[in-house]
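Geometric and topological summary
Residue strings, one per chain:
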Amino acid sequence: MASRQLLRELPWDGLVFAAIFLQLWVSPYTKVEESFNLQASHDFLTYGTDLAVYDHKKFPGSVPRTFVGAWLAAVAVKPFAVTAELQPLALQYAVRIAVGIASAMAHARLRHAVARAWGESEARCLAVITALQFHLPFYMSRTLPNTFALAFANVAHAEAVSGSGYRCLATLSMAAAIFRCDLLVIIAPMGLVLLAQQRVNFFFAALACASAAMLAAASSISFDSVMWGRWVWPEFEVLWFNTAENKSSEWGTSPLLWYFYSALPRSLLGAIVLVPLGIAYERRARGLAVVAVGFVALYSALPHKELRFIFPALPLLNAVAAAGAARLLRSSGTDKKEGGQGCSGLWRALVLLTMAGLASASLLASAVFAVASASNYPGGVAMVRLHESEGPETPLSVHIGNLAATTGVSRFLQGHATWNYSKEEGLEPVDLAVRGFDRLLTEWPEVPGYTCHAATLGFERIRLVKPPAFPLEFVYKPKVFALRKSLNGSTNSCDSARIQRSLPLWS
């Protein structure tokens, strides 16, 4: 019976994975936040135990990060890399697909817990809500510490919905010790809710959290100390960096309520309308709402804010919204299998129109976000197109500028063994001219002694257009320039006039 139900629900989990894969296909490149784990995955696959040539030896970052997630992704991909002899770019796809599959499986576990505890309609609404959103499917294949932590959080959420409160807290504690120390912030409201529901004992809950955290910390310290060449617990250093030293504020700050008026509406889209319904009509969903809102409220105290920091709250709020959606459908008589009752045709039409409107609005917003994001990686596009335009026959030295390095370039894209790649940071045009690289991928449109080869377009903004045209227009501008070292020492700039006249535009 259970296996039959699993097969019946598989297409709904496939819907979530299809949304993840679609976002991966539309935006295959990565940004600077993902670079550590992506480069580490490449190095595990390519260099094995030769740690001296790993990327983090040259570019360690502001704080050390754990290698556990990158190693797990590399282990998953390694058999295919060996048997299929995948090319470097295909390996990057494979790593992201592996992360996406793990994320989809963790989400499926949450969905199945919702089905057991609340009903199949709620579980299916959860799949549809998640698939129609942009941010969760977009990030669930990306090699962020937040993504690895989100997978563990979804497993923990599943236990909170239908399972053991102790396993829930232990799973969150393990993920906090290895991947994201900020999961400590969600353990507090989750523990309080479980205590209020009399599902855990305070002493045993504290023991479960401490035991799981110590075991995970010991594993991280043992593995990461070897990788970094010194004794280190990465997430403790991250915690100290962000809280005690408050250095995360150097990357910008946002108002206190930014998560509530900006991040949550953008990430939940149409589901935000359904959350109050879920709270009002599904008693069992209220605890999840308290945990999610409490987590976001506590996290708001940190001045530096990013949407990815509140990922663990999004599946909880989606589950609450799914409960509201299922209640609406049931009240309209649409879901007679699970107790739907007859109702007036007007009410049924109103409910169906409301649900269709919310779904359409979410889909449209996600499409706009996806189109804009697809053009947000000019560095990756420039790197691939440069390799397509010039073969490996001639050895070349290529400098990857700061903007290119942070908007898509990774070691997976370094496809020619005869080329020498440099990511030396902070070079001005005069410095680049002195270094004498054969090719430049740079944000500088003019460098002495170089001629402009091509310009790569990147997303700039969205402009409103008057009817009858489509109301939104995507505006692009040259972001990364490909420059060739000129044989006679002349200089040809990638100025706007030349771009409009004859320069190749990569996109």
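These remarks concern the structure in this document.

The rules behind these values
- Residues numbered from 1 in each chain as written.
- Predicted model: local features only at pLDDT ≥ 70, side-chain atom pairs only at ≥ 80, totals over all residues.
- Heavy atoms only, no water.
- Core = buried A, V, L, I, M, F, W, Y, C linked by side-chain atoms within 4.5 Å.
- Buried < 20%, exposed > 50% of the residue type's maximum accessible area, 1.4 Å probe, protein only.
- Helix = DSSP H or I, 4+ residues; strand = E, 2+ residues; numbered from the N terminus.
- Contact = heavy atoms within 4.5 Å.
- Arc of directions from axis to C-beta.
- 1 Å grid on protein atoms, 1.4 Å probe; cavity = no way out; pocket = protein on both sides within 12 Å on 5 of 7 lines; lining within 4 Å.
- Points joined across faces, edges and corners; volume = space filled by probe spheres on them.
- Nonpolar A, V, L, I, M, F, W, Y, C, P; charged D, E, K, R; others polar.

Describing the nonpolar core
Most often, soluble globular proteins have nonpolar side chains that are buried together. F44, W118, L172, M190, Y259 and L274 are the most contacted members of the largest nonpolar core, which totals 100 residues. The element that contributes the greatest number of residues to this core is helix 15 (residues 313–331), accounting for twelve residues. The residues contacting L172, other than those within four sequence positions of it, are A153, A156, L183, I186, I187 and M190. Listed in part, the 23 residues of the second largest apolar core include M383, L396, V398 and V409.

Topic: helix 13 (residues 271–281)
Taken together, the buried positions of helix 13 are A271, L274, V275 and G278. Along the long axis of helix 13, the arc covered by the buried residues comes to 120°, so they all point the same way. Next to the buried residues of helix 13 lie helix 5 (120–132), helix 12 (258–268), helix 15 and helix 16 (345–374).

A short note on empty space enclosed by the protein
Considering all chains together, one arrives at two cavities of 30 Å³ or more under this definition. Of the voids in this model, the largest cavity is the one considered here, and its volume is about 50 Å³. What lines the second largest cavity is N37, R65, T66, P145, F148, F179 and E235. Of the residues contributing to the lining of the second largest cavity, the split by class is three nonpolar, two polar and two charged.

Considering the layout of surface pockets
Roughly 1400 Å³ of internal volume is contained in the largest pocket. Residue lining of the largest pocket: 48 residues in total, with V32, E33, S62, R65 and W251 positioned closest to the centre. Counting residues per element, the ones that place at least two in the lining of the largest pocket are helix 2 (32–47), helix 7 (145–162), helix 9 (184–196), helix 11 (234–244), helix 14 (286–299) and helix 18 (402–406). Counting residues per element, the lining of the largest pocket draws most heavily on helix 2, which supplies eight residues. The residue makeup of the lining of the largest pocket, split by class, is 24 nonpolar, 14 polar and ten charged.

Some words on the environment of K78
Looking at the secondary structure, you find K78 in helix 3 (residues 68–83). The spacing of K78 and F44 is 34 residues in sequence and 9.1 Å in space, taken between C-alpha atoms.

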